[in-house]
2 protein chains.
Amino acid sequence: MVYKLDEQVGYILRLASQRHALLFNKHSELGLTPTQFSALVRVAEMGSCSQNLLGRRTAMDVATIKGVVTRLKAKGFVQLNPDPGDKRRTMVSLTKMGAELIEQLHDFGKSVTDDTLAPLSASERKVFLEMLTRLT
Amino acid sequence: MVYKLDEQVGYILRLASQRHALLFNKHSELGLTPTQFSALVRVAEMGSCSQNLLGRRTAMDVATIKGVVTRLKAKGFVQLNPDPGDKRRTMVSLTKMGAELIEQLHDFGKSVTDDTLAPLSASERKVFLEMLTRLT
DNA sequence: GGCGACTTATTAGTATACAAACAAATAACC
DNA sequence: GGTTATTTGTTTGTATACTAATAAGTCGCC
């Protein structure tokens, strides 16, 4: 059987990710990247947590999460504080401005998910997401 | 309904891509990244073609494909030549070394695809790839 | 109580990925 | 034939993403 690049799951995954990023950026007046969005939503879920733990909970290594947190801080959405009980840790938490944004972020995220899955019917989406989740 | 990051298609796509990259790198004695692999396989499919066209056919913008081609050339898998009929173009083609590698690349690609899709049955794989393709 | 193992964070280096701006060459079109 | 538009390639800047090395703090355990 001939090898066709266009039928390989890795290649198609890359294309689908690209389309998702495009849809995300399309109607993003928030000035957040998909990665920053994930980290910010996760901070809201977890409350205050260490930078490295936030990275683990968003599947970013220590170098990546550092940059993401730096940029979220620069935009005023999160703040950094030392952990009184552990001098190694930098605790990340939402600023007031970040907290006020969360509901809007959720709505935004839902619409991006909806746009991305538009080519699939409701029942297909369920099956697809279940299978995709198994590939993580 | 509450917004759950872990159920959003964009986030799960990122996780699945990460796992695929991990599997790709795991048994890669070729020293190629997934992106370089895609470009190299595509060059083999297309024969000689311009750098920008190669980028379009592998879903990479002009800046990205330039870096990829540069690194493939440094590794000795492709060569660059001016197009006699169009002074703007840089034509990319396989070197002898690159051509000798292609069959091995195909086998390698198949096994990575297989590993990535391992959590799905044969019939599920078919359905999944069809749906994923629709999201590109 | 102290030593080795682990955790946390930073930094440097490499590789995608995309936008924007630019120069040179070619194509389109009147 | 000449002007405009398009295509090709390069460069710069920003943002993931991962590896590896390093330093500092904490924990496990005897």
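See the structure above.
Definitions and cut-offs
Residues numbered from 1 in each chain as written. Chains lettered and ligands numbered in written order. Predicted model: local features only at pLDDT ≥ 70, side-chain atom pairs only at ≥ 80, totals over all residues. Heavy atoms only, no water. Phe/Tyr/Trp six-rings, centres within 6.5 Å; stacked < 30°, edge-to-face > 60°. Helix = DSSP H or I, 4+ residues; strand = E, 2+ residues; numbered from the N terminus. Buried < 20%, exposed > 50% of the residue type's maximum accessible area, 1.4 Å probe, protein only. Near = heavy atom within 4 Å. Polar contact = N/O pair within 3.5 Å; in protein donor to acceptor, adjacent residues only side chain to side chain. Nonpolar A, V, L, I, M, F, W, Y, C, P; charged D, E, K, R; others polar.

## A short note on the packing of aromatic side chains
- With the rule as written, the count across this model stands at nine aromatic pairs over all chains.
- Centre to centre, the rings of Tyr3(A) and Phe37(B) are 6.1 Å apart; their planes meet at 85°, and the pair counts as edge-to-face. Of this pair, Tyr3(A) sits in the segment before α1 (9-26) while Phe37(B) is found in helix α2 (residues 34-46), placing the two residues in two different chains. For the pair formed by Tyr3(A) and Phe37(B), the shared burial category is buried.
- Ring pairing ties together the aromatic residues Tyr3(A), Phe24(B), Phe37(B) and Phe108(B), which thus form one cluster.

## Observations concerning the protein's contact with DNA strand D
- Taken together, 24 residues form the shell around DNA strand D, and within it Thr33(A), Arg71(A), Asn52(B), Arg88(B) and Thr90(B) come nearest.
- If you look at DNA strand D and keep only atoms within 4 Å of the protein, 70% of those are sugar or phosphate atoms.
- Here a phosphate oxygen of DNA strand D and a side-chain polar atom of Arg71(A) are 2.7 Å apart.
- When contributions to the surface near DNA strand D are tallied by element, the ones reaching two or more residues are α2 (34-46), α4 (62-74) and β3 (86-94) of chain A together with α1 (9-26), α3 (51-57), α4 (62-74) and β3 (86-94) of chain B.
- The element best represented in the surface near DNA strand D is α4(A), accounting for four residues.
- Looking at side-chain class alone, the surface near DNA strand D contains four nonpolar, ten polar and ten charged residues.

## Examining the protein's contact with DNA strand C
- Taken together, the neighbourhood of DNA strand C is formed by 23 residues, with Arg14(A), Asn52(A), Thr90(A), Thr33(B) and Arg71(B) sitting nearest.
- Considering DNA strand C, the proportion of its atoms within 4 Å of the protein that are sugar or phosphate atoms stands at 73%.
- Within the side chain of Arg71(B), a nitrogen or oxygen atom sits 2.7 Å from a phosphate oxygen of DNA strand C.
- Here a phosphate oxygen of DNA strand C and a backbone polar atom of Lys87(B) are 3.0 Å apart.
- Elements with a contribution of two residues or more to the surface near DNA strand C: α1, α3 (51-57), α4 and β3 of chain A together with α2, α4 and β3 of chain B.
- Of the residues forming the surface near DNA strand C, the biggest block, four residues, is contributed by α4(B).
- Tallied by class, residues from the surface near DNA strand C come to four nonpolar, nine polar and ten charged.

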